[in-house]
Amino acid sequence: MPESSDPAGERPGKDRIVALLRQEWSTLADLLAELSDEQWSRPALPGWDVHDVVAHVVGTERMLSGEQAPAGAAGADEAPHVRNPVGQANEQWVLSLRSRTHAELLGDLRAVTARRLAALEAMSEEELRAPSWTPAGDADYARFMEIRIFDCYMHEQDIRVAVGLPGHDDGPVAEAALREVVLALGYIVGKRVGAPDGSRVTIRLTGPIERQLHVAVDGRARLVASLDGPPTAAIALSSSLFLRLAGGRLDPQAATADITREGDPALAERLAGNLAYTI
């Protein structure tokens, strides 16, 4: 399986970010165009069906285009899946677009993503690297767009699972989404898993994207290119399952048979059961 001196890979430049977003949004629109009305209405995430997930993507891109989330939608702050102000703003968009027909919402998606691509293409590399708030804290606008690639890809996969149309498990966008989780592995292993100091952990992704990911805990947990000895604990699973678990989309207990564990049993079990890190 591939390893590199930079386990997370280099950050993409402007042209790469635009190309990845273009590919993801095109793939998502093409998928949605195949769905029946019944499939559009299937549950996809807590409180949201497929239509709502698409409305969330549309609303976020409208927000990034400078539009304000519609205020006053009844129930936006009462739904059990709304946990914070960001979630409330997301819900305002979802509720405001719920009356759109599926065809209208797909048209909204195509229109707003076309505007967003044009705006991004018009930005210079320097503008893209300007300081910006992001869902992962203060960084630059390019970092925000890297997270958008991940978020849109994960929602595409939410829809695919809901409607029973698996796919797009590898390729450039899937690789970019995986990079986001790899960047968080220090936090996942150190905080979520609670690996003790001195631990060495390996996560083997068996495909469609193959990787060997290593984390060393020396005072703090950090991603490393290789280990200085055998891992204290290791797990092996598919890259698709890894992304679903990291995104909190699946109960780890439901996937236990699809994860191989090696080394220290307790640590391997904690690793398999605590990959989720997104909110």
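The structure presented is a predicted model; accordingly, all values stated were derived computationally and were not measured. (Residues numbered from 1 in each chain as written. Predicted model: local features only at pLDDT ≥ 70, side-chain atom pairs only at ≥ 80, totals over all residues. Heavy atoms only, no water.)

Regarding the pattern of salt bridges
Moving on, step 1. A complete count under the given rule lists 24 salt bridges for this structure.
Moving on, step 2. Arg 100 is the salt-bridge partner of Glu 104, the closest N and O atoms lying 3.8 Å from each other.
Moving on, step 3. Note on Glu 104: relative accessible area 35%, which makes it partly exposed.
Moving on, step 4. In this structure Arg 100 comes out as partly exposed when scored by relative accessible area, which is 30%.
Moving on, step 5. Arg 211 is paired through a salt bridge with Glu 175; the nearest N and O atoms lie 2.5 Å apart. On the criterion of sequence distance, the pair formed by Arg 211 in strand 6 (residues 210–218) and Glu 175 in helix 8 (residues 172–183) is long-range, its members being 36 residues apart.
Moving on, step 6. On the accessibility criterion, Arg 211 (22% relative accessible area) is partly exposed.
Moving on, step 7. Taken together, the shared-partner salt bridges connect Arg 11, Asp 140, Arg 143, Glu 146, Arg 179 and Glu 180 into one network. (Salt bridge = Lys/Arg side-chain N within 4 Å of Asp/Glu carboxyl O. Buried < 20%, exposed > 50% of the residue type's maximum accessible area, 1.4 Å probe, protein only. Helix = DSSP H or I, 4+ residues; strand = E, 2+ residues; numbered from the N terminus.)

Considering the sheet that holds strand 5 (residues 200–206)
Moving on, step 1. Spatially, the five strands line up as an open sheet ordered 7-6-5-8-9, and their pairing is mixed. A single partner strand is all that each edge strand has here, and the edge strands are strand 7 (220–224) and strand 9 (260–263). For this sheet, the mean inter-axis angle between neighbouring strands, taken without regard to orientation, is 20°.
Moving on, step 2. Strand contacts of helix 9 (residues 185–192): strand 5, strand 6 and strand 7, with the helix running at about 145° to strand 7, the strand carrying the most contacts.
Moving on, step 3. Across the face of the sheet, helix 10 (residues 239–246) comes into contact with strand 5, strand 6 and strand 8 (233–237) while running at roughly 110° to strand 8. (Pairing = 2+ DSSP bridges. Axes fitted to C-alpha atoms, helices over the stretch in contact; angles between N-to-C directions. Contact = heavy atoms within 4.5 Å.)

A look at the packing of aromatic side chains
Moving on, step 1. Tallied over the entire structure, the rule returns two aromatic pairs.
Moving on, step 2. When the ring of Trp 133 is compared with that of Phe 144, the centres are 5.7 Å apart and the planes differ by 80°; the resulting orientation is edge-to-face. Taken together, the residues span a long stretch of sequence, with Trp 133 in the loop between strand 3 (131–132) and strand 4 (139–140) and Phe 144 in helix 7 (residues 141–163) at a distance of eleven residues.
Moving on, step 3. Measuring from ring centre to ring centre gives 6.2 Å for Tyr 141 and Phe 144, while their planes differ by 70°; the resulting arrangement is edge-to-face. One end of the pair, Tyr 141, and the other, Phe 144, are both in helix 7, three residues apart, so they sit about a helical turn from each other.
Moving on, step 4. Classification of Tyr 141 as buried rests on a relative accessible area of 16%.
Moving on, step 5. Aromatic rings pair up to connect Trp 133, Tyr 141 and Phe 144 into one cluster. (Phe/Tyr/Trp six-rings, centres within 6.5 Å; stacked < 30°, edge-to-face > 60°.)

The values are spatial; any link to function lies outside them.
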